[in-house]
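# Geometric and topological summary
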Amino acid sequence: MQIEIITTHPYNDQSPGTSGLRKKVKVFQQTGYLENFVQSIFDSLHNFTGKTLVLGGDGRYFNRPAIQTIIKIAAANGFGELIIGQGGLLSTPAASHLIRKNNAFGGLILSASHNPGGPDEDFGIKYNVGNGGPAPEKYTNAFFQRSLSIDSYKTARIDDIDLDCIGAYQIDGLKVTIVDPVADYAELMQSIFDFNLLKQSIGSGYITLLFDAMHAITGPYAKRILVDMLGATPDSVINAEPLEDFGGHHPDPNLAHAKELAERMFNSKAPVFGAASDGDGDRNMITGSHIFVTPSDSLAIMAANAHLIPAYAQGLRGVARSMPTSQAVDRVAARYNIPCYETPTGWKFFGNLLDAGKITLCGEESFGTGSDHVREKDGLWAVLFWLNLIARKRQPVADIVHEHWQKFGRDIYCRHDYEAVEMDIANGIVEHLVNQLSALPGQTFGEYKVKYADEFSYEDSVDGSVSSKQGIRIGFDNGSRIIFRLSGTGTVGATLRIYLERFEADASKHDQDAQTALAELISLAEQFCEIKKRTGRTAPDVVT
Ligand code: VG1
Ligand code: CO
């Protein structure tokens with residue numbers, strides 16, 4: 001294999017965010033941009049000669065050329081085998097599973113997740129380590145440092161690989177294996193859930209369902225598992241064909257972006273269960289006939305009922321949630337006397353807890369839930385979890401949710417996103433918030449008395465690493481919280497996320513609309529951060 005060393009110049013903006021490096025496609029198309037980042041990753045890793053790398057992406061625009069480029073750089077850097085999803089496709093959880101199943105050294109996942117795709121939209125790349133999970137911060141920091149001084153990359157002079165043909169090729173010392181992106185993942189799902197019960201419940205018509213793949217990666221997965229294996233009617237999966245631009249939409253599974261699903265779940269002929277997933281298949285939105293389940297509640301309900309699922313019948317070792325996720329799961333953990341961990345936003349912080357066997361389930365308010373079966377959040381897994389729950393409990397989604405609230409109380413919750421805020425304004429808001437923190441504790445605002453106000457800092461209980469500045473928290477005496485964070489996945493300006501939460505124990509008040517129930521906290525949040533005042537905006541761009 002002929003290897004070339006190509007001279008390059010460093011870019012100064014290759015710092016990975018919450019989940020990998022995300023930029024506009026046009027940025028990635030600059031000379032050497034992708035190459036630099038991939039070489040910076042390989043330069044920061046050690047002892048991988050002859051080892052296996054998993055490679056795949058969510059199929060968005062630029063996926064295929066990027067994979068061909070990466071194959072050549074990986075070959076030149078000495079990997080022994082590349083396992084690639086057919087067509088260059090792999091959902092994020094399926095990639096995580098392939099890394100684990102094949103004892104691979106790591107994997108590169110090409111995705112910008114829920115961000116839009118297309119020539120003028122977003123692309124992304126993320127490195128996952130040998131446990132199948134996103135690279136922890138010590139790696140991502142090293143990648144960035146290396147990218148600032150890189151002056152050359154290595155590439156192999158080989159022809160493009162035919163990504164569409166399943167099979168193995170040998171190119172000198174390199175083996176390239178093109179695999180069915182769905183098969184191993186489907187088998188894993190079969191080992192976790194009660195597929196016979198699901199087949200019966202769907203076949204008998206007890207469960208009717210609608211899954212919106214949003215023209216993203218989960219289409220082929222949902223068709224194979226829900227339709228071919230479990231017998232759902234083919235029209236149960238909508239927007240099933242992956243498109244490079246996701247049909248021009250945001251592949252973001254929430255009521256705002258999964259419009260068709262939202263409409264059908266709230267009309268008179270609504271199916272029993274409805275769900276959607278995001279660009280790379282790691283997120284999930286759960287709905288039932290005339291009900292939307294907030295992700296924080298979904299995590300808590302899953303934890304409370306996990307013993308009904310074959311793989312978790314022995315109970316949970318512990319649970320974890322990201323800091324802005326509601327405290328609903330904490331109540332379940334307390335009731336069952338299992339540990340509950342609070343981590344910063346981003347799946348990379350769950351990896352150590354999962355590896356150490358401290359937790360079995362974990363989740364985030366941003367439509368992500370997962371378990372120790374892989375090291376990523378997993379959209380279809382959550383869908384199958386809920387289907388299995390409905391089949392076992394023989395209850396509609398709304399009843400499951402209401403029963404849960406009766407037992408544990410309801411953590412009324414919502415998130416407001418202000419997108420593409422000018423950087424200077426966003427930084428000004430954060431500074432303004434930080435300046436107030438020391439004076440807030442003890443102050444009373446209406447029925448809310450501030451108990452603590454700080455910037456969240458996390459110490460990993462497994463390796464002792466510390467991650468600071470992970471969001472601003474204002475907590476009140478009655479358990480309510482307001483949290484402010486700047487997004488680490490956007491590509492235009494800054495996105496301010498405001499998370500609001502209030503506990504309601506009284507079952508007669510559980511049916512309130514969240515925005516109404518949280519109105520006082522919402523206006524307090526504005527008083528603290530002044531986003532409307534400073535931007536002239538009147539409302540958030542997205543409310544979830
Ligand atoms: C967002 C979510 C976070 C999630 C991350 C990656 O990050 O808030 O919970 O882990 O996206 O998810 P941020 O920094 O924009 O708030 V995905 O599905 O984009 O890989
Ligand atoms: Co995603």
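Summarised in this report is the structure supplied together with it. What you see is a predicted model, and the numbers here were worked out from it, not measured in a lab. (Residues numbered from 1 in each chain as written. Chains lettered and ligands numbered in written order. Predicted model: local features only at pLDDT ≥ 70, side-chain atom pairs only at ≥ 80, totals over all residues. Heavy atoms only, no water.)

Under perfect tetrahedral coordination by four donors, a metal shows angles of 109.5 degrees; under perfect octahedral coordination by six donors, it shows angles of 90 or 180 degrees. Ligation of the cobalt ion (ligand 2) by protein atoms is provided by S113 (OG), D278 (OD), D280 (OD) and D282 (OD), these donors lying 2.0 to 2.1 Å from the ion. Each donor residue of the cobalt ion (ligand 2) lies on the same chain, and together they follow the pattern S-x164-D-x1-D-x1-D. One end of the pair, S113, is in the loop between β5 (106-110) and β6 (122-128); the other, D278, is in the loop between β12 (273-277) and β13 (284-288), with 165 residues separating them in the sequence. Each member of the pair S113 and D278 is classed as buried. (Donors = N, O, S within 2.8 Å, 3.2 Å for Na, K, Ca; no water. Helix = DSSP H or I, 4+ residues; strand = E, 2+ residues; numbered from the N terminus. Buried < 20%, exposed > 50% of the residue type's maximum accessible area, 1.4 Å probe, protein only.)

Here we take up the site of ligand 1. In the neighbourhood of ligand 1, 20 residues make up the surrounding shell, with T18, S366, S487, G488 and T489 lying closest. Note that an oxygen atom of ligand 1 is positioned 2.9 Å from one of the side-chain N or O atoms of R22. A distance of 2.6 Å separates an oxygen atom of ligand 1 from a polar side-chain atom of S487. According to the grid-proximity analysis, the pocket containing ligand 1 is the second largest pocket. (Near = heavy atom within 4 Å. Polar contact = N/O pair within 3.5 Å; in protein donor to acceptor, adjacent residues only side chain to side chain. 1 Å grid on protein atoms, 1.4 Å probe; cavity = no way out; pocket = protein on both sides within 12 Å on 5 of 7 lines; lining within 4 Å. Sits in = over half its atoms within 2 Å of the grid points.)

Turning next to empty space enclosed by the protein. A full pass over the atoms with the stated rule returns three cavities of 30 Å³ or more. Considering the residues around the largest cavity, the lining is formed by 16 residues, among which S19, G20, K126, A135 and T140 are closest to the centre. Within the residue set of the lining of the largest cavity, elements represented by two or more residues are α2 (33-44), β6 and α5 (137-147). Considered as a void within the structure, the second largest cavity measures approximately 60 Å³ in volume. Around the second largest cavity, the lining residues are H416, Y418, I498, I522, A525, E526, I531 and K532. For the lining of the second largest cavity, the secondary-structure elements that each account for two or more residues are β19 (410-421), α17 (519-529) and α18 (531-535). Here the element with the most residues in the lining of the second largest cavity is α17; it accounts for three residues. Residues that form the lining of the second largest cavity fall into these classes: five nonpolar, one polar and two charged. (Points joined across faces, edges and corners; volume = space filled by probe spheres on them. Nonpolar A, V, L, I, M, F, W, Y, C, P; charged D, E, K, R; others polar.)

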